[in-house]
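One-letter residues, chain by chain:
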Amino acid sequence: MSNSPNRGQLNLPRTTVAALRAAVRHPGFFYLTGHGVPHALMQHVLSLGWQFYTADDSLLQKRAIARRPVGDRYGDGARGWQDVGLDDWHEALDFYAEICGAEAVAAHRAFKASRSDVWPGVDGLLEGRNLYPQHLPAMRDVYPDYVARLCSVGEAVMRALGFALELGDPEFFVGATRDSFWCLRVLGYPPLPPAFRKKEDKIETQDDDDEDEEMVGCGAHSDYGCLTMLLTDDTPGALKVRVAGGDDDPNPEKEQEKQQQQEEQWWTGGWATSTVHKVLHLGDGYRISVPFFYEPAKHVVVRRLPEFGGTEADPEVRYWDHLVSKIDGSFFRKRTTW
Ligand SMILES: O=C(O)CCC(=O)C(=O)O
Ligand SMILES: [Fe+2]
């Protein structure tokens, strides 16, 4: 890193940059401190989530902003509340960057027109406005403030990452994520029904990957985007991160996940790790977590970087297409019960 001509422009200790480099390689998770987001704001974000899920009239409120398919009232196929899933024992309230204002709408139309061959049938997906519960007016003020602050933190991490990975243009990630098409999820994990809790205990004491057909808080997956900033309440030990395993691991399920990760690590050709993790919430309380996904802008084309052996011949994916494929294939499968 000392060879980098731009090193002096990054106002971070050398040890922090080195730690970031090591962490994104393995295990792909790290604690971020000194980020400047006020503790009180983070607590407020969590407490609003908790109120949303646990207030007496919450079912009515949740249904009023339920996620709906494109063309159904306010539906854009992505935003709003969704009930606990078929496989995952959590509910979610999802927010995304909004496409609003004449200029942004016109740019989005032009962008879509140029991509009309891709994803036919999902016109209108993600084009709605964020939905807020009426009984929690504070959410409408607090969440956008939180998102704005996390976008600043995201930019700072992207800058540090450009230096940490010794890119020829250390601002490359900053540029790619400017105008981020971010996503904020407010996840609510009710306690598991007793029958499932027994199974959960079994999973934990046996193989960590033995959860076939079992109900878990959130099944094993690796995040599909760029940087996830996870805020959780103080429920202990629910998030499990897989740090073991490796190339010699014979488990075919793991092979599949590894393959999945490769797709998600395009910029670095798999050098950086999108680590598999899951949620096992065995407690009696209602767990809240608020992941914020800091992503590239819609139009950004992601391809392996030359610094990581990339060439013009490498496959590429436009972030928007990647996102639509994930939402279409993943969130849409979830059960709804109303
Ligand atoms: O709830 C958590 O702690 C993690 C959630 C998660 O992994 C995700 O939303 O991608
Ligand atoms: Fe995740």
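Up top you'll find the structure we're talking about.
Residues numbered from 1 in each chain as written. Chains lettered and ligands numbered in written order. Predicted model: local features only at pLDDT ≥ 70, side-chain atom pairs only at ≥ 80, totals over all residues. Heavy atoms only, no water.

A. Region of interest: the overall build of the protein chain. From N to C terminus, the protein chain includes nine helices and ten strands. Counting every position in the protein chain, which comprises 338 residues, the buried fraction comes to 46%. Residue pairs in contact within the protein chain that sit at least 24 positions apart in sequence constitute 76% of those at least 6 positions apart. When the accessible area of the protein chain is evaluated, it comes to approximately 16900 Å², of which 53% is carbon and sulfur surface. (Helix = DSSP H or I, 4+ residues; strand = E, 2+ residues; numbered from the N terminus. Buried < 20%, exposed > 50% of the residue type's maximum accessible area, 1.4 Å probe, protein only. Contact = heavy atoms within 4.5 Å. Areas by Shrake-Rupley, 256 points an atom, 1.4 Å probe, with all protein chains shown as cover.)

B. Representation of the site of ligand 1 within the structure. Residues in close proximity to ligand 1 total 13 residues, the closest being Tyr 189, His 221, His 277, Arg 287 and Ser 289. Between ligand 1 and His 277, the relevant distance is 3.0 Å, taken from an oxygen atom to a side-chain nitrogen or oxygen of the residue. In this structure, an oxygen atom belonging to ligand 1 sits 2.6 Å away from a side-chain N or O atom of Ser 289. Protein contact buries 94% of the 290 Å² of open area that ligand 1 shows by itself. Elements that contribute at least two residues to the shell around ligand 1 include exactly strand S3 (183-189), strand S5 (227-232), strand S7 (277-279) and strand S8 (287-294). For the shell around ligand 1, the element with the most residues is S8, which contributes four residues. For the shell around ligand 1, the residue count by class is seven nonpolar, four polar and two charged. (Near = heavy atom within 4 Å. Polar contact = N/O pair within 3.5 Å; in protein donor to acceptor, adjacent residues only side chain to side chain. Nonpolar A, V, L, I, M, F, W, Y, C, P; charged D, E, K, R; others polar.)

C. Just the packing of aromatic side chains, in detail. Counted by the stated rule, this structure contains twelve aromatic pairs. Ring centres 5.8 Å apart and planes at 25° place the aromatic pair Tyr 53 and Tyr 286 in the stacked group. Taken as a pair, Tyr 53 in helix H2 (residues 39-54) and Tyr 286 in the loop between S7 and S8 lie far apart in primary sequence, 233 residues in all. Considered together, Tyr 53 and Tyr 286 belong to a single accessibility category, that of buried residues. Ring geometry for Phe 111 versus Trp 320: centroids 6.3 Å apart, planes at 80°, classification edge-to-face. Placement of Phe 111 in helix H4 (residues 102-113) and of Trp 320 in helix H9 (residues 319-329) is noted, with a sequence separation of 209 residues between them. Trp 320 matches Phe 111 in its accessibility class, with the two residues each being buried. These aromatic residues form a ring-pair network of at least three members: Tyr 96, Phe 111, Phe 181 and Trp 320. (Phe/Tyr/Trp six-rings, centres within 6.5 Å; stacked < 30°, edge-to-face > 60°.)

D. Main features of the sheet that holds S7. In space, the three strands of this open sheet follow the order S4-S7-S6, with antiparallel pairing throughout. What marks the edges here is a single partner per strand, and that holds for strand S4 (218-221) and strand S6 (239-241). Shown here is a sheet whose adjacent strand axes are inclined to one another by a mean of 10°, direction ignored. Two strands pair when backbone bridges link them, and S6 and S7 are joined in this way by three bridges, in the antiparallel orientation. When the bridges of S7 are listed, Leu 239 appears paired with Val 279. (Pairing = 2+ DSSP bridges. Axes fitted to C-alpha atoms, helices over the stretch in contact; angles between N-to-C directions.)

E. Local environment of the side chain of Glu 91. Tracing the chain through its elements places Glu 91 in strand S2 (residues 91-96). For Glu 91, a relative accessible area of 5% corresponds to the buried category. Here the side chain of Glu 91 touches Lys 62 through a polar contact of 2.9 Å, side chain to side chain. Of note is the side chain of Glu 91, whose polar atom sits 2.9 Å from the side chain of Trp 81. Not counting residues within four places of it along the chain, the set of residues in contact with Glu 91 comprises Tyr 53, Lys 62, Trp 81, Gln 82, Asp 83, Val 84, Val 186, Leu 187, Gly 188 and Tyr 286.

F. Focus on the packing of helix H1 (residues 14-25) against helix H5 (residues 138-164). Interaxial distance between H1 and H5 falls to 9 Å at its minimum, and their mutual angle equals 85°. If you check the angle between H1 and H5, you find them roughly perpendicular. Residues Val 17, Leu 20, Arg 21 and Val 24 of H1 pack against Val 157, Ala 160, Leu 161, Phe 163 and Ala 164 of H5. Among the residues forming the contact of H1 with H5, the class breakdown is eight nonpolar, no polar and one charged. (Parallel < 35°, antiparallel > 145°, perpendicular 65-115°, else oblique.)

G. Quick look at the environment of Leu 227. Note that Leu 227 resides in strand S5. On the accessibility criterion, Leu 227 (12% relative accessible area) is buried. The contacts of Leu 227, once residues within four sequence positions are left out, are Gly 154, Val 157, Met 158, Phe 292, Phe 293, Tyr 294 and Glu 295.

H. Looking closely at the coordination of the iron ion (ligand 2). The protein atoms that coordinate the iron ion (ligand 2) are His 221 (NE2), Asp 223 (OD) and His 277 (NE2), at distances spanning 2.1 to 2.2 Å. Note on Asp 223: relative accessible area 17%, which makes it buried. Overall, the relative accessible area of 9% leaves His 277 in the buried class. (Donors = N, O, S within 2.8 Å, 3.2 Å for Na, K, Ca; no water.)

I. View of the packing of H2 against H5. Closest axis-to-axis distance for the H2/H5 pair is 10 Å, and the angle between their directions is 135°. It follows from the interaxial angle that H2 and H5 lie oblique. In the packing of H2 onto H5, the handedness of the crossing is left-handed. On the side of H2, the interface is formed by Leu 41, Met 42, His 44, Val 45, Leu 48, Gly 49 and Phe 52, while H5 contributes Ala 138, Met 139, Val 142, Tyr 143, Asp 145, Tyr 146 and Arg 149. (Left-handed = near helix turned anticlockwise from the far one by under 90°.)

J. Highlighting H5. For H5, built from 27 residues, the straight-helix expectation of 39 Å at 1.5 Å per residue is met to within 8% by its first-to-last C-alpha distance of 38 Å. Trailing H5 by a residue or two, Glu 166 shows a phi angle of about 55°, which is positive. (Expected span 1.5 Å × (residues − 1).)

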